[in-house]
Amino acid sequence: MILQENAQHVTRFIALANISNTSKKKYLYAFNIVPMSSMESTELVKQPLDVTESPYAKMAKEFQRSKLGESASDTQFFFDLSKREGKKRLSGEGGPHQSKQARKPPKPTSPCWFCLASPEVEKHLIISIGTHCYIALAKGSLSPDHVLILPIGHYQSMVELPSEAIEEVEKCKVALKKFYKSIGKRFVMFERNYKSQHLQLQVVPVPIQCCTTEDIKEAYIVQAEEQQMELLEIPEHSDLKQIIQPGSAYFYVELDNEEKLFHRIKKQFPLQFGREVLASEAVLNIPDKANWRECKYSREDEIEFAKSFREGFQPYDFSLLD
């Protein structure tokens, strides 16, 4: 279940038995508590899979209205305590102590394979490193030039990236499109923000002779319908942040003509869907490679793939041109 208001942080309720109860039911629970003041806003609004609406929401609203003497309006007010008079101001208006500072990316809660500073990162797969993002070959790739665009810091999805990182992602996309076009291939990119802790933008080139951009789009739509999922077209010049809140699960694919398809994940989602479509007979016709775990290459092969890609990509690599 996904909460109706995605931008609300989640509260956990734990039911415990009385101490020394005769039926020996659990009456202790150990917590690892992180202070809210040291957490990113995106971490606060993440929703676990078994989340439900608060049963006290209606009571809380009634209490707030009676306490503040407000009308039934949903507008939220706060008192500005920096002034002598009790003048109200709308939430979001600037106060004397509200100057925003650049915040560090959130830290992973467990070892991460994609944070660049992490010892788990397989450095031999790295193609290019910018200021905020880097490009690396995909593990178990569909082809030797299948890559990932990844943030250097630990961010879970595109909607959680800071503006400077988004700008660099766009530079990566432009550079990869130019490179793929030079070798007769189309750019296809997808993201699955579901059961993943670090943003991975999968970029898969499709040879021009295989199919048209419209064929790829149709393949995604048809296979989504077969699995009773709805892929919606994102309006031109629209941003993901305009249609989805941080902490919400989603899947989206972007084609070389900048058309985008989007699916809001509400319950379950096939983890390999983005890859399965591209591996299908309608696109690359390599259905045996639909699962990345079935596409194992030796470390020597991976090193050779990365070296070859770097050499071809070098004229388009913005990190070398800046």
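Presented here is a report on the structure given in the accompanying data block. (Residues numbered from 1 in each chain as written. Predicted model: local features only at pLDDT ≥ 70, side-chain atom pairs only at ≥ 80, totals over all residues. Heavy atoms only, no water.)

## Regarding the overall build of the protein chain
(1) Moving on: Of regular secondary structure, the protein chain possesses 7 helices and 10 strands.
(2) Moving on: Sorting the 322 residues of the protein chain into buried and exposed places 37% on the buried side.
(3) Moving on: By sequence separation, contacts in the protein chain at least 24 residues apart represent 62% of the contacts at least 6 residues apart.
(4) Moving on: For the protein chain, the accessible surface area stands at approximately 20,300 Å², while carbon and sulfur atoms represent 52% of it. (Helix = DSSP H or I, 4+ residues; strand = E, 2+ residues; numbered from the N terminus. Buried < 20%, exposed > 50% of the residue type's maximum accessible area, 1.4 Å probe, protein only. Contact = heavy atoms within 4.5 Å. Areas by Shrake-Rupley, 256 points an atom, 1.4 Å probe, with all protein chains shown as cover.)

## Thoughts on the pairing of strand β6 (residues 185-193)
(1) Moving on: With 7 of 9 residues buried, β6 is to be regarded as a mostly interior element.
(2) Moving on: As paired elements, β6 and strand β7 (residues 201-207) share 6 bridges and run antiparallel to each other. Opposite Lys185, over in β7, you have Pro207 as the bridge partner.
(3) Moving on: One ladder, built from 5 bridges, connects β6 with strand β9 (residues 250-254); its direction is antiparallel. (Pairing = 2+ DSSP bridges.)

## A word on a negative patch on the surface
(1) Moving on: Where like charges cluster on the molecular surface, the negative patch consists of Glu300, Asp301, Glu304 and Glu311.
(2) Moving on: Structurally, the position occupied by Glu304 is in helix α6 (residues 299-313).
(3) Moving on: Residue class for Glu304 comes out partly exposed when judged on its relative accessible area of 47%. (Patch = residues over 30% accessible without salt bridge, like charges linked within 9 Å, V, L, I, M, F, W, Y side chains within 5 Å. Salt bridge = Lys/Arg side-chain N within 4 Å of Asp/Glu carboxyl O. Lys, Arg positive; Asp, Glu negative; His and termini not counted. Charge placed at Lys NZ, Arg CZ, Asp CG, Glu CD.)

## Observations concerning the sheet that holds β9
(1) Moving on: Pairing is antiparallel across the open sheet formed by 8 strands, whose spatial order is β3-β4-β5-β7-β6-β9-β10-β8. Lying at the two open borders of the sheet, with one neighbouring strand each, are β3 (126-129) and β8 (232-234). Looking at each pair of strands side by side, their axes are set apart by 25 degrees on average, direction ignored.
(2) Moving on: Both β8 and strand β10 (residues 260-264) contribute to a ladder of 3 bridges, which runs antiparallel. The partner of Ile234 across the bridge, within β10, is Lys260. (Axes fitted to C-alpha atoms, helices over the stretch in contact; angles between N-to-C directions.)

## Concerning the environment of Ser280
(1) Moving on: Its place among the elements puts Ser280 in the loop between α5 (273-279) and α6.
(2) Moving on: By relative accessible area, Ser280 is classed as buried at 12%.
(3) Moving on: With 61 residues separating them along the chain, Ser280 and Ala219 place their C-alpha atoms 8.5 Å apart.
(4) Moving on: Among the polar contacts made by the side chain of Ser280, one reaches the side chain of Gln223 at a distance of 3.2 Å. (Polar contact = N/O pair within 3.5 Å; in protein donor to acceptor, adjacent residues only side chain to side chain.)

## Describing the side chain of Asn21
(1) Moving on: Mapped onto the fold, Asn21 is located in the segment before α1 (41-44).
(2) Moving on: Here the side chain of Asn21 touches Asn18 through a polar contact of 2.8 Å, landing on its backbone oxygen.

## Let's talk about the nonpolar core
(1) Moving on: If you look at the biggest cluster of nonpolar residues, it comprises 34 residues, and the most contacted ones within it are Leu176 and Phe309.
(2) Moving on: Elements represented by at least two residues in this core include exactly β4 (133-137), β5 (147-151), α3 (163-182), β6, β7, β9 and α6.
(3) Moving on: Looking at this core element by element, the count peaks at 8 residues for α3.
(4) Moving on: Here Leu176 is in contact with Ile135, Val147, Ile149, Phe187, Val203, Phe309 and Phe313, once residues within four sequence places are set aside.
(5) Moving on: Ranked by size, the runner-up nonpolar core spans 27 residues in total, among them Phe190, Ala224, Val253 and Leu255. (Core = buried A, V, L, I, M, F, W, Y, C linked by side-chain atoms within 4.5 Å.)

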